[in-house]
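# Report on the structure
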Amino acid sequence: MTRVRDLQPGQQFLLKRSGDRYEFIGHKRDTPGGTQYVVLRSGFARPTTLHHSCHIIIKETGNG
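Residues take numbers from 1 onward in each chain, read along the sequence in its written order. Local features in a predicted model are, by the rule used here, given only for residues with pLDDT of at least 70; side-chain atom pairs are given and counted only at 80 or more, and totals for whole chains, interfaces and linings are based on all residues. Side-chain numbers here rest on the full set of heavy atoms in the structure, without hydrogens or water.

### Details of the confidence of the model for the protein
On a range of 0 to 100, pLDDT expresses the predictor's confidence in each residue. When the pLDDT values of the protein are averaged, the result is 90; 94% of them are 70 or greater. To qualify as a helix, a DSSP run of H or I must reach at least 4 residues; to qualify as a strand, a run of E must reach at least 2; elements of each kind are numbered from the N terminus. Looking at the elements of the protein, mean pLDDT is at its lowest for strand S4 (residues 48–50), recorded as 94, and at its highest for strand S1 (residues 12–15), recorded as 96.

As structure tokens, this is what we get:
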């Protein structure tokens, strides 16, 4: 099972529970609640965070 914590910056993925598309931006490690995983939801201008254990499907980037 792939989770948000397994991603590299720039990877695109689908959130399994909702089917929404996201792009992983990076981590914020120095927060009071621990590491935050910053993502950008498709169609939205502002980044948000997801829990590290959210189940995801990595979007394959193929050539055609």
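### Some points on the sheet that holds strand S3 (residues 36–41)
Two strands pair under a simple rule: DSSP has to find at least two bridges between them. Spatial ordering of the open sheet is given by S4-S3-S2-S1-S5, a layout of 5 strands whose pairing is antiparallel. The two strands at the open ends of the sheet, each matched to only one other strand, are S4 and strand S5 (56–58). Along the sheet, successive strands turn relative to each other by an average axial angle of 50°, direction set aside. Judged from the 6 bridges that link them, strand S2 (residues 21–28) and S3 form a sheet pairing that is antiparallel. If you follow Phe24 over to S3, its bridge partner there is Val39. Inter-axis angles, ranging from 0 to 180 degrees, are taken between N-to-C directions of lines fitted to C-alpha atoms, where helices are fitted over the stretch in contact.

### Brief notes about the nonpolar core
Among the buried residues, those of types Ala, Val, Leu, Ile, Met, Phe, Trp, Tyr and Cys that are joined through side-chain atoms within 4.5 Å form a nonpolar core. Each residue is assigned to one of three classes by its accessible area relative to the maximum for its type, calculated with a 1.4 Å probe on protein chains only: buried under 20%, partly exposed between the two thresholds, exposed over 50%. Counting 11 residues, the largest nonpolar core consists of Val4, Leu7, Phe13, Leu15, Tyr22, Phe24, Tyr37, Val39, Leu50, Cys54 and Ile56. Of all the secondary structure elements, the ones that give two or more residues to this core are S1, S2 and S3. Not counting the four nearest positions on each side in its chain, Val39 is found in contact with Phe13, Tyr22, Glu23, Phe24, Ile25, Pro47, Thr48 and Leu50. Note on contacts: a residue pair qualifies if any of its non-hydrogen atoms lie within 4.5 Å across the two residues.

### Side note on the pairing of S2
Pairing analysis gives 3 bridges linking S1 to S2, with the strands arranged antiparallel. When the sheet's bridge partners are listed, Gln12 is paired in S2 with Glu23. Where S1 folds back on S2, the antiparallel hairpin that results is connected by 5 residues, among which Gly19 adopts a positive phi of roughly 80°.

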